[in-house]
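# Fold and geometry: a report
Each chain is listed here by its residues.
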Amino acid sequence: MQKVGVVGWRGMVGSVLMDRFKIENDFSKFETFLFSTSLNGEHAPEITNGHRKILDSDSIDELSEMDIIVTCQGGDYTKAIHPKLRKSGWSGVWIDAASALRMEEDAIIVLDPINRGAIEAGLNSGTKDFAGGNCTVSLMLMALGGLFKENLIEWVSSMTYQAASGAGAKSMLELLEQMQFFGDKFLRSKQNNAAIGALDLEKIMNTSMQEDNFPNDRFGGALGLSLLPWIDTKMESGQSKEEWKAQVEANKILQSKNTIPIDGTCVRVGALRCHSQAFTIKLNKSVAIKTVEELIRESNPWVELVENDKQKTLDMLTPACTSGTLKIPVGRVRHMSMGDDFVNAFSVGDQLLWGAAEPLRRTLLMCL
Ligand SMILES: NC(=O)c1ccc[n+]([C@@H]2O[C@H](COP(=O)([O-])OP(=O)(O)OC[C@H]3O[C@@H](n4cnc5c(N)ncnc54)[C@H](OP(=O)(O)O)[C@@H]3O)[C@@H](O)[C@H]2O)c1
């Protein structure tokens, strides 16, 4: 049995990955070794069939023993450890949730079913580095894969609504702390004046965001009761890095001969889990909306086409009803007033599943 080292298994992506391994009985297919930056030496959870002690994720010697390493630890970890491990002569397969290696020439961005063929070809020809795509990029390709496959897309603008957990476990906890902060203010205001009006409450909440003890170390502002239209660092183009990733990563996954322009504004919102995206899709010709719907629906088994109807949208096209599932609901599909070659669509996907853990898991299974 191959030895698989998992680094970052207790973070958001790592926990979801471990859960998928358990649900799909994957732990019986390989020998698991858990690595941690902070828990090495402690007992590993019982769920795996592997080594009972947690190993040191900074130990090149211990990592070198692995046939395959799956890491969900983050980009800084990859940048620090991956070069040292390769330099030491380790020739195992490295599968990574972080962005650090994605644009490297000899690394493949993995998104089976979209580019399963490229992953297989890479494995056969000796590629050793695989990286999961950016979460919104993977979710966009899962949602619109049918239109890309038919070469119908001239360009796409994606406006994102990204959940707090997309920034990691501690960030999601900060959102909940913000909600508690507001909840406490609300309760106290009601206790002081049971008849307090909505506008007075709005003022109290908005002012409270400026208080010194308002918890915003991670987000740098209020995400609860507000939103933050900037994710990651600034690029020379004026895009945020999250926005920049959409075009470069999607075109790399699609192996596009001519770059398909993809751009938009990435916004962090107060959802706990699941990223949503509103798409403006410019087609290269007029296409009947029924055909567009069919292509979207049939592109993979996880897409769930939601009729452009208010109640169905509220019931089926939200982070709340998608969270924790592999569904990719796509709805609000209609022609836009700009012309029949413009299509509007909205999609939601669990960024921890299809946006992160599931492509890594499927790549690992292909390596066994
Ligand atoms: N979150 C997403 O939706 C998402 C989507 C796609 C890609 N990614 C990428 O995947 C990588 C991992 O992201 P992540 O969101 O999973 O990071 P995360 O939740 O912040 O976890 C990363 C590490 O933080 C440590 N940690 C410290 N305190 C923790 C706590 N209270 N709970 C859990 N872990 C804690 C753990 O390492 P030790 O056990 O070693 O202490 C854990 O492995 C990043 O490169 C990210 O960009 C994330």
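These numbers were taken from a predicted model, which means no experiment stands behind them. Numbering of residues begins from 1 in every chain and follows the order in which that chain's sequence is written. Only residues with pLDDT of at least 70 get local features here, since the model is predicted, and only at 80 or more are side-chain atom pairs given and counted; chain-wide, interface and lining totals rely on the full set of residues. Side-chain descriptors were evaluated using all non-hydrogen atoms of the structure, hydrogens and water having been removed beforehand.

### Considerations on the domain arrangement of the protein
- Per the annotation, domain bounds derive from an automatic or database assignment of domains. Assigned domains within the protein: domain 1 (3–133 + 356–367) and domain 2 (137–163 + 230–264 + 271–355).
- Between two residues, a contact is recorded if the distance between any of their heavy atoms is within 4.5 Å. Between domain 1 and domain 2, the residue contacts involve 22 residues of the former and 21 residues of the latter.
- When two parts are put together, the accessible area they lose, computed with a 1.4 Å probe and summed over both, is reported as buried area. In this assembly, domain 1 packs against domain 2 so that about 1,800 Å² is buried in total across both faces, 70% of it on carbon and sulfur atoms.
- Contact with domain 2 buries surface across domain 1, with Met103, Leu111 and Ile114 losing the most and accounting together for 28% of the total.
- Between Lys or Arg on one side and Asp or Glu on the other, a salt bridge is scored when a side-chain nitrogen of the former is within 4 Å of a carboxyl oxygen of the latter. Summed over the shared surface of domain 1 and domain 2, the result is 1 salt bridge.
- One salt bridge in this structure joins Arg102 and Glu249, with 2.9 Å as the shortest N-O distance.

### Focus on the site of the ligand
- Around the ligand lies a shell of 24 residues, among which Arg10, Met12, Val13, Thr37 and Ser38 are the nearest.
- Two N or O atoms form a polar contact when they lie within 3.5 Å of each other; inside protein one atom must be a possible hydrogen donor and the other a possible acceptor, and for residues adjacent in sequence the pair counts only when both atoms belong to side chains. In this structure, Val13 approaches the ligand through a main-chain N or O atom, which is 2.8 Å from an oxygen atom.
- Side-chain polar atom of Ser38 to an oxygen atom of the ligand: 2.4 Å apart, as the coordinates give it.
- Protein contacts shield 80% of the accessible area of the ligand, which totals 880 Å² for the unbound molecule.
- Using protein atoms alone on a 1 Å grid, points that fit a 1.4 Å probe yet trap it form a cavity, whereas open point sets bounded by protein on both sides within 12 Å along at least five of seven lines form a pocket; residues with an atom within 4 Å of a point count as lining. Being in a pocket or cavity means that more than half of the molecule's atoms lie within 2 Å of its grid points. When atoms are counted within 2 Å of each cavity's grid points, the one that captures over half of the ligand is the largest pocket.
- Numbering goes from the N terminus for both helices and strands, where a helix is a DSSP run of H or I of at least four residues and a strand is a run of E of at least two. Elements with a minimum of two residues in the shell around the ligand: α1 (12–23), α6 (169–192) and α12 (353–367). Residues are labelled near a given molecule or strand when at least one of their non-hydrogen atoms is within 4 Å of it. Note on areas: these come from Shrake-Rupley sampling with a 1.4 Å probe, and a residue is covered only by the protein chains present in the view.

### Structural notes on the nonpolar core
- Grouping buried Ala, Val, Leu, Ile, Met, Phe, Trp, Tyr and Cys residues that are joined through side-chain atoms within 4.5 Å yields what is termed a nonpolar core. Relative accessibility under 20% of the residue-type maximum defines a buried residue, over 50% an exposed one, and the middle range a partly exposed one, all with a 1.4 Å probe and only protein chains included. Residues Ile95, Leu144, Ile281 and Ile296 are the most contacted members of the largest nonpolar core, which totals 66 residues.
- Ranked by the residues each element gives to this core, the list is headed by helix α5 (residues 135–149), at 9 residues.
- For this core, the domains that each give at least three residues are domain 1 (3–133 + 356–367) and domain 2 (137–163 + 230–264 + 271–355).
- Grouped together as the second largest cluster of nonpolar side chains are 15 residues, Phe35, Ile69, Trp90 and Trp94 included.

### What to know about α12
- A helix's residues, less one, multiplied by 1.5 Å, set its expected span. In a regular helix each residue adds 1.5 Å, so 15 residues correspond to 21 Å; α12 covers 19 Å between its end C-alpha atoms and thus fits that length.
- Most of α12 is tucked away: 14 of the 15 residues are buried.

### Focus on the packing of aromatic side chains
- Note on ring pairs: Phe, Tyr and Trp rings are taken, using the six-membered ring of Trp, and paired if centres are within 6.5 Å. Classes follow the plane angle, with under 30 degrees stacked, over 60 edge-to-face and the rest tilted. Tallying each qualifying case throughout the model produces 10 aromatic pairs.
- On the numbers, 4.8 Å between centres and 65° between planes, the contact of Trp302 with Trp354 is edge-to-face. Here Trp302, found in the loop between α9 (289–298) and β12 (303–305), pairs with Trp354, found in helix α12; they are 52 residues apart in sequence, far enough to count as distant.
- Overall, the relative accessible area of 22% leaves Trp302 in the partly exposed class.
- Members of the aromatic cluster, each reached through a chain of ring pairs, are Phe21, Phe27 and Phe30.

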